[in-house]
Amino acid sequence: MDTPNYRMPFVPSTLMSEGGSIDTCDMGESIAHNIMLLITTKKGENRYDENYGNDVWNLEFDNGVTSAVWENIFIKSLKRQIQEYEPRIVQPQIDAHIQIVEHSYDTKEHTEIKKKVKIAINAKMEATGDRFSFSTELFLSPMSID
């Protein structure tokens, strides 16, 4: 019997309602949720496991780090995190590219210049051998999800 994959965020109150159940998702979506958590968690932030999370967030406000160095640290750390905390995928190929973008807000009269990182992961699902793909974009310093 396969272990169910639960949808995030987990809402415990749904179990308390009449006929309550927990939302589930397919394996690919479950892996994507975990990878996003690995990406956005700073190493040492998880009080139960100091090794969980990406090393790069220690550099978030360090202006002396070049984009190439940041990308290299991010990729190495995420690859290590996937190998340790996401055994459902193997042979991950990770790309991360920082670009400068102009960002406008409806509530502000000016445009902000921000760094944005595009992240792509291609891997193979361990159980089935099927291809797994994941991509996301994050604004940096301060980090926000687009």
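For the structure itself, look to the data block above.
Basis of the calculations
- Residues numbered from 1 in each chain as written.
- Predicted model: local features only at pLDDT ≥ 70, side-chain atom pairs only at ≥ 80, totals over all residues.
- Heavy atoms only, no water.
- Helix = DSSP H or I, 4+ residues; strand = E, 2+ residues; numbered from the N terminus.
- Buried < 20%, exposed > 50% of the residue type's maximum accessible area, 1.4 Å probe, protein only.
- Contact = heavy atoms within 4.5 Å.
- Phe/Tyr/Trp six-rings, centres within 6.5 Å; stacked < 30°, edge-to-face > 60°.
- Core = buried A, V, L, I, M, F, W, Y, C linked by side-chain atoms within 4.5 Å.
- Expected span 1.5 Å × (residues − 1).
- Pairing = 2+ DSSP bridges.

This brings us to the overall build of the protein chain. Scanning the protein chain from terminus to terminus reveals three helices and six strands. Along the chain direction, N to C, the helices and strands of the protein chain fall in the order β-α-β-α-α-β-β-β-β. Here the protein chain, with 146 residues, has 33% of them falling under the buried criterion. Within the protein chain, counting contacts between residues at least 6 apart in sequence, those at least 24 apart form 45% of the total.

On to the packing of aromatic side chains, then. Under the definition given, this model contains three aromatic pairs. For the pair W57 and W70, a centre-to-centre distance of 5.8 Å together with 70° between the ring planes defines the contact as edge-to-face. One end of the pair, W57, is in the loop between α2 (27-40) and α3 (67-85); the other, W70, is in helix α3, and 13 residues separate them in sequence. Relative accessible area serves as the criterion here: at 6%, W57 is assigned to the buried category. We classify W70 as buried; its relative accessible area is 6%. Seen from their ring centres, W70 and F74 are 5.2 Å apart, and the 10° between their planes marks the pair as stacked.

Along the chain, the position of S77 falls in helix α3. When its relative accessible area of 2% is taken as the criterion, S77 is described as buried. Other than its neighbours up to four places away in sequence, S77 contacts G53, N54 and D55.

Once that is clear, we can look at the nonpolar core. The nonpolar side chains of a soluble globular protein tend to be buried, and buried together. Among the nonpolar cores identified, the biggest contains 29 residues, and W70 and F132 are the most heavily contacted of them. Looking at which element gives the most residues to this core, the answer is α2, with six residues. Aside from chain neighbours lying at most four places away, what touches W70 is V56, W57, V65, I98, V117 and L140.

Along its 14 residues, α2 runs 20 Å from first to last C-alpha, staying within 8% of the 20 Å computed at 1.5 Å per residue. Among the residues making up α2, those that are buried are G28, S30, I31, A32, N34, I35, M36, L38 and I39.

Our next topic: the pairing of strand β5 (residues 131-140). Two strands pair when backbone bridges link them, and strand β4 (residues 111-125) and β5 are joined in this way by ten bridges, in the antiparallel orientation. Looking at the pairing, V117 lines up with L138 of β5. Here β4 folds back onto β5 in antiparallel fashion, the turn holding five residues, of which G129 has a positive phi close to 80°.

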